[in-house]
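Here is what each chain is made of, one letter per residue.
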Amino acid sequence: MHPFLRSLILKNRGLVTECLRRRSSLTSELFENMDKKATWDRFYAETNRDRKDFENFDWFFGFSSVRDIILPLLQANTPSDQPLRVLDLGCGTSALGPSIYRHCPLPVHITCADISPVAVQLMQAHARASTPEPLSPSSRLEFIELDCTRLHEHYRSSSVDLIVDKGTIDALLRSRDGKEKAGLMLRQCLGALRRSGSMVQFSDEDPDARLLWLETEAQERGVMLADIGVQDVGETYYCYHLSPRSVIEQR
């Protein structure tokens, strides 16, 4: 079984294995087409079918595992009258974005974005039913449908303080037709970040492979666009941290 899919099943065993038992073709579709909107529409529709109560679906791990990475990055920003802009890109039905909204002591504008309208609608309905109270009364939380390869159509250059990617680039890289999309997403994310901003990429891919890919793709005309670092998250996951070296004009 594909390592990414195995990780997904182990972390969300009860939710996924029943779906895969009843719809075995979904296993093959996930394996080959994780870059496709239709795949995720089907995935979220089937994993939530016949469920009485909504349950968040978190890739790899939950907010508690990375709280001490994300919150210090936000708190390191220079105080401003405007909320910090945070983008959870490829959010699915994860609780990560709502957890940042709930626990960040600074005002934040959290946008949870996903290509699947099914996932977005599920999250919107859940938020209406049980909206968490933020620490800052000026914080905002929204869920939008967004293709991660068309980020430049929604965000101007140097407008975002933090971009969180938990498994989205992994899904693209491990798809049959997703590798080019992964590079495009990365460069557009770097272009959307403020000079003081950061992108954190959570992955199960070993640094020997991922750092080489990041160093190759985070270039324009041979010039490195970002400084890149890595740290462990538990025993089997990694956080890749990218900070832009200069403002990159979106094309």
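Quick notes on the rules
Residues numbered from 1 in each chain as written. Predicted model: local features only at pLDDT ≥ 70, side-chain atom pairs only at ≥ 80, totals over all residues. Heavy atoms only, no water. Helix = DSSP H or I, 4+ residues; strand = E, 2+ residues; numbered from the N terminus. Buried < 20%, exposed > 50% of the residue type's maximum accessible area, 1.4 Å probe, protein only. Contact = heavy atoms within 4.5 Å. Areas by Shrake-Rupley, 256 points an atom, 1.4 Å probe, with all protein chains shown as cover. Pairing = 2+ DSSP bridges. Axes fitted to C-alpha atoms, helices over the stretch in contact; angles between N-to-C directions. Phe/Tyr/Trp six-rings, centres within 6.5 Å; stacked < 30°, edge-to-face > 60°. Disulfide = S-S within 2.5 Å. Core = buried A, V, L, I, M, F, W, Y, C linked by side-chain atoms within 4.5 Å. Parallel < 35°, antiparallel > 145°, perpendicular 65-115°, else oblique. Left-handed = near helix turned anticlockwise from the far one by under 90°. Salt bridge = Lys/Arg side-chain N within 4 Å of Asp/Glu carboxyl O.

> In this structure, what is going on with the overall build of the chain? I would like to understand it.
Helix and strand counts for the chain stand at 10 helices and 9 strands. The burial tally for the chain puts 52% of its 251 residues in the buried class. Within the chain, contacts between residues separated by at least 24 positions form 76% of all contacts whose residues are at least 6 apart in sequence. Accessible surface for the chain amounts to roughly 11800 Å². Of this, 48% is attributable to carbon and sulfur atoms.

> I'm lost on the pairing of strand E4 (residues 160-166) in this one. Help?
Two faces make up the sheet, and in a regular strand the side chains alternate between them. With 7 of 7 residues buried, E4 is to be regarded as a mostly interior element. Pairing geometry for strand E1 (residues 84-89) and E4, over 3 bridges, is parallel. From the neighbouring strand, leucine 87 faces E4, where its bridge partner is isoleucine 163. Judged from the 6 bridges that link them, E4 and strand E5 (residues 193-203) form a sheet pairing that is parallel.

> Looking at this structure, I do not really get the sheet that holds E1. What am I missing?
Strand-to-strand pairing in sheets goes through backbone hydrogen bonds, with the strands running parallel or antiparallel. One open sheet holds the 7 strands; their spatial order is E3-E2-E1-E4-E5-E9-E8, and the pairing between them is mixed. Two strands close off the open sheet at either side, each with one partner strand: strand E3 (140-145) and strand E8 (226-233). Here the average twist between neighbouring strands, direction ignored, is 20°. Packing against the sheet, helix H6 (residues 96-103) makes contact with E1, strand E2 (108-114), E3 and E4, and its axis sits at approximately 175° to E2.

> When you look at the packing of aromatic side chains in this model, what are you seeing that I'm missing?
Taken as a whole, this structure holds 12 aromatic pairs when the rule is applied. A ring pair is formed by phenylalanine 60 and tyrosine 237, whose centres lie 5.0 Å apart and whose planes are at 35°; its orientation type is tilted. With phenylalanine 60 in the loop between helix H4 (37-48) and helix H5 (67-75) and tyrosine 237 in strand E9 (residues 237-244), this pair connects stretches of sequence that are 177 residues apart. Accessibility expressed as a relative area gives 4% for phenylalanine 60, which makes it buried. Overall, tyrosine 237 belongs to the buried group, its relative accessible area being 15%. The interplanar angle of 40° and the centroid separation of 6.2 Å between the aromatic rings of tyrosine 238 and tyrosine 240 together place this pair among those described as tilted. On the basis of relative accessibility, which here comes to 15%, the residue tyrosine 238 falls in the buried class. Of the residues examined, tyrosine 240 reaches a relative accessible area of 0% and is grouped as buried. Among the aromatic residues, those joined into a ring-pair cluster are Trp40, Phe43, Tyr44, Phe57 and Trp59.

> Help me out: how do you make sense of the state of the cysteines in this one?
Put plainly, a disulfide is one covalent bond tying together the sulfur atoms of two cysteines. What the rule picks out here adds up to 0 disulfides. For cysteine 91, which is in no disulfide, the shortest distance to another cysteine sulfur is to cysteine 112 and amounts to 5.0 Å.

> Just to check I follow, could you spell out the nonpolar core for this structure?
Grouped burial of nonpolar side chains is what soluble globular proteins tend to show. Counting 37 residues, the largest nonpolar core has Val66, Ile70, Leu74, Ile100, Phe202 and Val233 as its most contacted members. Cys189, Leu190, Leu225 and Tyr238 belong to the second-largest nonpolar core, a separate cluster that totals 28 residues.

> Looking at this structure, how should I read unusual backbone geometry?
For residues other than glycine, phi is negative in most cases, and the peptide bonds are mostly trans. Despite not being glycine, phenylalanine 60 has its phi angle at roughly 65°, a positive value. In this structure, serine 158 is a non-glycine residue whose phi angle is positive, near 55°. Structurally, the position occupied by serine 158 is in the loop between E3 and E4.

> What am I meant to see in the packing of helix H9 (residues 179-192) against helix H10 (residues 207-217) here?
In the contact formed by H9 and H10, the axes pass within 10 Å of each other and the chain directions differ by 65°. By the angle between their directions, the pair H9 and H10 is classed as roughly perpendicular. Here H9 and H10 pass one another in a crossing that is right-handed. Contacts from Ala182, Gly183, Leu186 and Arg187 of H9 reach H10 at Trp213, Leu214 and Glu217.

> Please clarify how H6 should be interpreted in this entry.
Because the α-helix completes a turn every 3.6 residues, residues three or four places apart line up on one side. Within H6, 6 of the 8 residues are buried, which leaves it mostly tucked inside the rest of the structure. Where H6 is concerned, the buried positions are Leu96, Gly97, Pro98, Ser99, Ile100 and Tyr101. Packing partners of the buried residues in H6 comprise H5, E1, E2, helix H7 (117-129), E3 and E4.

> Mind showing me how you'd approach the pattern of salt bridges here?
Between side chains of opposite charge, a pair can form when the charged atoms approach closely. The full count for this structure, using the stated rule, is 15 salt bridges. For the salt bridge of arginine 150 with glutamate 153, the shortest nitrogen-to-oxygen distance reads 2.5 Å. By relative accessible area, which is 40% here, arginine 150 ends up partly exposed. For arginine 174, the salt bridge is made with aspartate 204, and the minimal N-O distance between the two is 2.8 Å. With a gap of 30 residues between them, arginine 174 in the loop between helix H8 (168-173) and H9 and aspartate 204 in the loop between E5 and H10 connect regions that are remote in the sequence.

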